[in-house]
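Notes for the structure review
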Amino acid sequence: MPETLDQIFVLLKHWIVAHFPAALQPLVSALLSISAIILAFALLFAIATILERKGLGRIQNRYGPNRVGPYGFFQPVADGLKMLIKEDIVPGGADRVVHFLAPIALVVPVLLAFSVLPYGRNMAPIDLDAGIVFFFAVGAGTELAVFMAGWSSRNKYSLLGAMRAIGQMISYEIPLILSSITVIMLTGSLRPVDIVEAQAGYWGGLPAWHVFTPWGLAGFVLFLIAATAESNRAPFDLPEGESEIIAGYFIEYSGFKFALFFMGEYFGMFAISGLAITLFLGGWHAPLSFFEGAMPSYVWFFAKLFGILALFIWLRGTLPRLRMDQLMNFAWKFMLPMALINIGAAGLWRFLPNGATRWLVCSLLVFGPFVALGRGLAAKRHWKPRTYRFAE
Amino acid sequence: MDPVFCILALVTAASAIAAVSLRRLVHCALCLVVTFVGLAALYLQLNAQFVGFAQILVYVGAVAILIVFAILLTRGSDSPPQSIFSSSWVVGVGVAVLAFGALAFSVWTSSVIYRPAPPAPQPTVRELGEQLMTQYVLPLEVIGLLLTAALIGAVIIAMREGPARHKSESIAHRPLPIPHPK
Amino acid sequence: MTPLHHYLILSALLFCIGLAGALTRRNAIIVLIGVELMLNAANLNFIAFWRYGPHPEAATGILFVLFSIGIAAAEAAVGLALIIAIYRHYKTTNLDQIDSMKG
């Protein structure tokens, strides 16, 4: 019975597809996968917005939304209705075609990125041989959508926001890819399904996930920081810094197009969290050996996804926004060298014999530079009493 | 004829024409992106999965962004007041049409093209990587060196900033130093 | 299956569009776009010949295109840096006005 429950979506899909003539079957199968992905993640989007608003309210010692439904949990429905019936305003000087295409160009690549993640046992929508490359390739498309939105609005704030966003996304894409390269080196495959399979099994009590190795832990932390920056979330939310450039590249968007931007941002966060789970957190594998088989595999995937979302919300509620120079310094002087050193550590891990030496050498190789680089970043700061140049 | 190929070829060729003929430079760059994506889809049609993804990763993710930044840095985002075509455009179009005629004629009269396609190969990424690390390791290293050199060179060329030129100007305006009598 | 010469004709067309763009436009950035189009046309040819060639299991065409993509990225970076340097000097990217070699 647990097996049936585990494979229920796969069986359901096969059952529905079998009702169609053979010529239509690939098409129907693809359509089913697409609608399942869109439905699941649209629902997750609604849940994530309400959780984020409630969580931030909790952190900031206020209630958060509490009017619609019990404890305000139907707030996303009300928001969605409001977005749909709002007027769609296009600025007079805007480039209408590009302005219209930008939100679509943002959401479509992100939805494509969902198609290579393995959500459960036998539950990868497309099993691509170069799945990780596909994920990063479609992720590159979102930068252009950001530029299209910022440029076509004919607004200096939106152009500034777009330039900031592109600069930030390009800078943090490098550590993002470099930190995931370690996993690809160790598993020897670019297929997400293979990477999840490589993390099956348990070492004593611990699951054999990549995050429980020195290089994996460093890679996971680097990946998560870069992912926060890549999805433009606090503390890296300068592209939409409300206090300086109002809302960044989507300032001139309203109504449903704004909702698409909002959705694209959350979808990007889900996709990159899903990749983090696939690469480092064992995909759909259960965290403890006696849980294996007790619950369906996709439950574990989405439980981990909610865990990472909670971490993102917590970070947003806790950390102040960085300045532009701090952001770039952090990317190029800390993240990039750390990611390169981490690749070296992963290579050593591959060739050293299994044992305590391997753990010690790799941990030192990761931890030493971490301390040195961190001190290097902090050393140049001369803390002084604050002087006010203009406001005295 | 294959309808998928027809659609892709039409989109690619039309966006390529738009990319070199539109008035606003940003529109040209965006049309160029459509061409790149169309080419990547054609590579996928030809069973070259990895190259298709690499094409999108490099061209859409890097080259297009570079072009867009260059357009903004050279204030090219407004449409120019004068004609966008150079004074000798007739000659240019003539040369291009002649070149296309010659290429199409030689393709059409060649005998190799009617050979049937061999069974579809599925090169895995692992095989590609193994070849890159064994047979083609020297070209790979050379490409790495070239990219590093290009990176540093591009930074140096683009960095030759105002202050350096101001310095040379101020040197030019200064009276010549009188040589020391020895 | 699409025959080989369709790909070759498409690639020739792309090459000539790039050539026409590089030869007829005033703006230096569009000339660079034309050069990129020509490089891409050559890449399409390599992939098509690899797929229809006698030995598709030796992935020579694919690897050549990978190297070519790397070179194209380097070319774009250096070319655009040159254009920015020229713009700084002449305050224009119009190739008809950039006619003196004296710095």
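As a reminder, the structure under discussion sits directly above these lines.
Fair warning: this is a prediction, and the values are worked out from it, not measured in the lab.

Turning to the layout of surface pockets, a few remarks are in order. Residues and elements named next belong to chain A. Taken as a whole, the second largest pocket spans an internal volume of roughly 1,200 Å³. The wall of the second largest pocket is formed by 48 residues, among which F45, T49, F258, F262 and Y266 lie closest to the centre. Elements with a minimum of two residues in the lining of the second largest pocket: α3 (25-59), α4 (75-85) and α11 (255-279). Broken down by class, the residue content of the lining of the second largest pocket amounts to 25 nonpolar, nine polar and 14 charged.

With that settled, the discussion passes to the side chain of E52 of chain A. Note that E52 of chain A resides in helix α3. Setting aside anything within four residues of it in sequence, one finds E52 of chain A in contact with R233, Y266, I313 and R316 of chain A.

Attention shifts here to helix α3 (residues 49-73) of chain B. Residues and elements named next belong to chain B. Under the 1.5 Å per step criterion, the end-to-end length of α3 is 35 Å for 25 residues, consistent within 8% with the ideal 36 Å. Maximum bend of α3: about 30°, positioned at Y59. Looking one or two residues past α3, R75 carries a phi angle of roughly 50°, positive in sign.

Contacts between the two partners involve 83 residues from chain B and, on the opposite side, 67 residues from chain C. Together, the buried faces of chain B and chain C total about 6,900 Å²; carbon and sulfur atoms form 77% of this surface. The three residues of chain B that bury the most area against chain C are V20, L46 and T74 of chain B, which together make up 10% of that side's buried surface. Applying the counting criterion to the chain B and chain C interface returns zero salt bridges. Applying the counting rule to chain B against chain C returns three residue pairs in polar contact (both at pLDDT 80 or more). Taken together, the elements giving at least two residues each to the side of chain B that touches chain C come down to α1 (3-21), α2 (25-45), α3, α4 (89-109), α5 (125-133) and α6 (137-159) of chain B. Broken down by element, the residue count for the side of chain B that touches chain C peaks at 12 residues, all from α3 of chain B. Class assignment of the residues belonging to the side of chain B that touches chain C gives a composition of 63 nonpolar, 13 polar and seven charged.

All names here are of chain A. Within the element layout of this structure, I47 appears in helix α3. Overall, the relative accessible area of 34% leaves I47 in the partly exposed class. In this structure, the C-alpha to C-alpha distance between I47 and I184, residues 137 residues apart in sequence, is 32 Å.

Each partner contributes residues to the interface: chain B has 23 residues there, and chain A has 23 residues. Of the roughly 2,000 Å² buried between chain B and chain A, counting both surfaces, carbon and sulfur atoms make up 77%. It is F53, L57 and I65 of chain B that lose the most area in chain B upon contact with chain A, and together they represent 26% of the buried surface on that side. Counting across the interface, chain B meets chain A through one salt bridge. Its salt-bridge partner being R24 of chain B, residue D95 of chain A comes within 3.2 Å of it at the nearest N-O pair. Looking at side-chain class alone, the side of chain B that touches chain A contains 15 nonpolar, five polar and three charged residues.

In helix packing, the relevant descriptors are the interaxial angle and the interaxial distance, both defined with respect to the helix axes. All names here are of chain A. Look at helix α9 (residues 214-230) against α11: their axes get within 10 Å of each other, and the N-to-C directions meet at 170°. On the basis of their axis angle, the class for α9 and α11 is roughly antiparallel. Contacts from F220, F223, L224, A227 and E230 of α9 reach α11 at I272, L275, A276 and L279. When grouped by side-chain class, the residues that make up the contact of α9 with α11 number eight nonpolar, no polar and one charged.

Next up on the list: empty space enclosed by the protein. Residue and element names in this part refer to chain A. On inspection of all chains with the given rule, the structure shows two cavities of 30 Å³ or more. Here the largest cavity defines a volume of roughly 330 Å³. Forming the boundary of the largest cavity are 21 residues, of which V110, T142, M169, E230 and G268 lie nearest the centre. Taken together, the elements giving at least two residues each to the lining of the largest cavity come down to α5 (96-113), α6 (131-152), α7 (156-187) and α11. Looking at the lining of the largest cavity element by element, the count peaks at six residues for α11. Of the residues that constitute the lining of the largest cavity, the class distribution is 12 nonpolar, six polar and three charged.

Residue and element names in this part refer to chain A. Taken N-terminus to C-terminus, the directions of helix α2 (residues 8-17) and α3 make an angle of 140°; their axes are 10 Å apart at the nearest point. With respect to α3, the axis of α2 lies oblique. Seen along the crossing, α2 lies across α3 with a hand that is right-handed. On α3, the residues touching K13, I16 and V17 of α2 are Q25, V28, S29, L32 and S33.

Reading the values: rules and limits
Residues numbered from 1 in each chain as written. Chains lettered and ligands numbered in written order. Predicted model: local features only at pLDDT ≥ 70, side-chain atom pairs only at ≥ 80, totals over all residues. Heavy atoms only, no water. 1 Å grid on protein atoms, 1.4 Å probe; cavity = no way out; pocket = protein on both sides within 12 Å on 5 of 7 lines; lining within 4 Å. Points joined across faces, edges and corners; volume = space filled by probe spheres on them. Helix = DSSP H or I, 4+ residues; strand = E, 2+ residues; numbered from the N terminus. Nonpolar A, V, L, I, M, F, W, Y, C, P; charged D, E, K, R; others polar. Contact = heavy atoms within 4.5 Å. Expected span 1.5 Å × (residues − 1). Bend = angle between axes of the 7 residues up to and from the residue. Buried area = accessible area lost by both parts, 1.4 Å probe. Salt bridge = Lys/Arg side-chain N within 4 Å of Asp/Glu carboxyl O. Polar contact = N/O pair within 3.5 Å; in protein donor to acceptor, adjacent residues only side chain to side chain. Buried < 20%, exposed > 50% of the residue type's maximum accessible area, 1.4 Å probe, protein only. Axes fitted to C-alpha atoms, helices over the stretch in contact; angles between N-to-C directions. Parallel < 35°, antiparallel > 145°, perpendicular 65-115°, else oblique. Left-handed = near helix turned anticlockwise from the far one by under 90°.

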